[in-house]
Each structure stands twice: as C-alpha cells, then as structure tokens.
Amino acid sequence: MKIVVLTGAGISAESGLATFRDPDGAWAKHDPQKLATPEAFAADPALVHAFYNARRAQLRDVAPNEAHQALVRLEAAFGRDFLLVTQNVDDLHERAGSKDLVHMHGRLRSAWCRACDTRHDWDDDLSTETACPACGKTGLMRPDIVWFGEMPYRMDEILRALDCCDLFIAIGTSGAVYPAAGFVDIAANAGAETIELNLQPSDGTALFNDYRHGAATRIVPAFVDELIGRP
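All values derive from a computational prediction rather than experimental measurement.

Visitor: What is the right way to look at the overall build of the chain in this model?
Guide: If you tally the helices and strands in the chain, you get nine helices and nine strands. For 231 residues, the compact-globule formula gives about 17 Å, and the C-alpha radius of gyration of the chain, at 18 Å, lands near that figure. For the chain, the spread of C-alpha atoms along the three principal axes comes to 55 × 35 × 30 Å. For the chain, the residues scored as buried account for 48% of the 231 residues in total. Counting contacts in the chain only where the partners sit at least 6 residues apart, residues at least 24 apart contribute 63% of the total. By element, 50% of the accessible surface of the chain is carried by carbon and sulfur atoms, the whole surface being about 10,900 Å². Averaged over its 22 positive side-chain charges, the chain has a centre that lies 4 Å from the centre of its 33 negative ones.

In structure tokens, the structure reads:
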C-alpha cells in the first residue's frame, strides 16, 4: 500500500506553535500582505525579517509531539511506499525522525540567497546586512519560505505520489489553502481511500471517505496503530 500524508498547522499546534487561521493565530495579528509576499519583502525587508526571526526563534522552545512521532512509526512500517508532505515551515517532523519529507512551503531554518540562488541551513536571525555564505553579497538573503503568489516546492513530485497512492491522509489542515486543499480530489480521482484527521471539521471534510476529529496527539497515534496492526 502506498501512502501520502499531508500535514498542516494543526499537528504542530499541540507543541505550542500558533496556527495561522485560528482567531489567536499569527495571521490574526499581522496582515499577510505586509509580511508574506515578495512585494512586502521588497517594500520593507526589515519588518519581514523581524517577523520570521521571531518565528524561527520560537522553534527553540518547542518539541515534537506524539502525532509527529506516530508518523515516524508509520514511515518505518511502509518505507519507500510512504511520503510525508507538510505545509508547515517548522522542523518538528525532522526532529521527530521523519526522513521522506517534502516541505512544500519551505522551511524557517533555511535561508535563500537571491543573488546566487543557493539555500543554506539557518538558525540565526536574518537582516538586510546578512552576507550569503556562498557568494558574500549582502541584502539579498531572504527566508526560504513560499510566500503568497509563489509556487510551492516539489509539486511535480507531490502530484506523482498522489496519482499513485492507495491512501491519502490529511492531518491538521484547514482545507482552505490551495493547492494543498485540492490534494484530496487528486488522490480520490486516482482511486485512493482518503481520511481526514483534524481537531474539528475542515472546509473540505465532505470530500473525504472518512474522518476522525479530535486532538492530533490522540487520534493520529491511534490511527497509525490501527494501520500498522499494533495491538
């Protein structure tokens, strides 16, 4: 059986990371058009850097939870027939032990030099004075994040996996952000079974064959145990 898992902000919320679509989430406090577009970065790079520096620093105070760890067990059970796609820009999946992982929206702990098109693991603050480790130019380093209006990463790979999977699982997603919100349709049209694991019904719950609602730290490990046949 080939499995594709999509995760969203809901899986990391129980580790203490704010989600973007909740009333108390990050986007409720900031205008996305002033922080998460190429135009916003061109207009006020210092503001954008400050926002992402704060988000990057927050990663030092959180840890993977039982839902992240359950997906590591699922990957171990299915090996090459498993692909984890995340909309999240945190690194909690990696820290839990996930290996076959696609960050379709980029990573907070990565910086991208627009001068020489290189990407670098990054844990410190970025600023307009930051020099690229590869080419040495300053003022052209940006967060390696897919902003509004930009193409998500590795879409060809994701679409190929969806087109041949037998099971598609969406965890902690709003069902409101495309193209990820359309993954369930792609998988279903390819003949896959589809299930939503979410705190509450999403915008796309009706599109799934099955759904389970509740805390990710409870329902994800339980579902994984069923799937791999653990008593």
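Let us keep going from here.
Visitor: It is not clear to me how the nonpolar core should be interpreted in this structure. Could you clarify?
Guide: One broad rule of soluble globular proteins: the nonpolar side chains tend to lie buried together. Judged by nonpolar contacts, the single largest core of 21 residues is most densely connected at Val-5, Leu-74, Ile-169 and Val-220. At the level of elements, strand 1 (3–7), helix 5 (66–78), strand 2 (82–86), strand 7 (167–171), strand 8 (193–198) and helix 9 (216–228) are the ones that each hand at least two residues to this core. Setting aside its immediate chain neighbours within four residues, Leu-74 contacts Ile-3, Val-5, Phe-82, Ile-169, Val-224, Leu-227 and Ile-228. Leu-83, Val-85, Ala-161 and Ala-170 belong to the second-largest nonpolar core, a separate cluster that totals 19 residues.

Visitor: Can you walk me through the pattern of salt bridges in this structure?
Guide: Pairs can form between side chains of opposite charge once their charged atoms are near each other. Applying the stated rule across the entire model yields twelve salt bridges. Close ionic contact of Asp-81 with Lys-2 constitutes a salt bridge, the shortest N to O distance being 3.1 Å. Taken together, the residues Asp-81 in the loop between helix 5 and strand 2 and Lys-2 in the segment before strand 1 connect sequence positions 79 residues apart. Asp-81 sits in the partly exposed class, given a relative accessible area of 30%. The exposure class assigned to Lys-2 is partly exposed, which follows from its relative accessible area of 36%. In this structure, Arg-60 and Asp-123 form a salt bridge, with 4.0 Å as the shortest nitrogen-oxygen distance.

Visitor: Looking at this structure, I do not really get the side chain of Glu-196. What am I missing?
Guide: With respect to the helices and strands, the residue Glu-196 is situated in strand 8. In this structure the side chain of Glu-196 is engaged in a polar contact, spanning 2.6 Å, whose partner is the side chain of Thr-205. Setting aside residues up to four positions removed in sequence, Glu-196 forms contacts with Ala-170, Pro-201, Ser-202, Gly-204, Thr-205, Phe-208, Asp-210, Tyr-211, Arg-212 and His-213.

Conventions and cut-offs
Residues numbered from 1 in each chain as written. Predicted model: local features only at pLDDT ≥ 70, side-chain atom pairs only at ≥ 80, totals over all residues. Heavy atoms only, no water. Helix = DSSP H or I, 4+ residues; strand = E, 2+ residues; numbered from the N terminus. Rg over C-alpha atoms; globule rule 2.2 N^0.38 Å. Buried < 20%, exposed > 50% of the residue type's maximum accessible area, 1.4 Å probe, protein only. Contact = heavy atoms within 4.5 Å. Areas by Shrake-Rupley, 256 points an atom, 1.4 Å probe, with all protein chains shown as cover. Lys, Arg positive; Asp, Glu negative; His and termini not counted. Charge placed at Lys NZ, Arg CZ, Asp CG, Glu CD. Core = buried A, V, L, I, M, F, W, Y, C linked by side-chain atoms within 4.5 Å. Salt bridge = Lys/Arg side-chain N within 4 Å of Asp/Glu carboxyl O. Polar contact = N/O pair within 3.5 Å; in protein donor to acceptor, adjacent residues only side chain to side chain.

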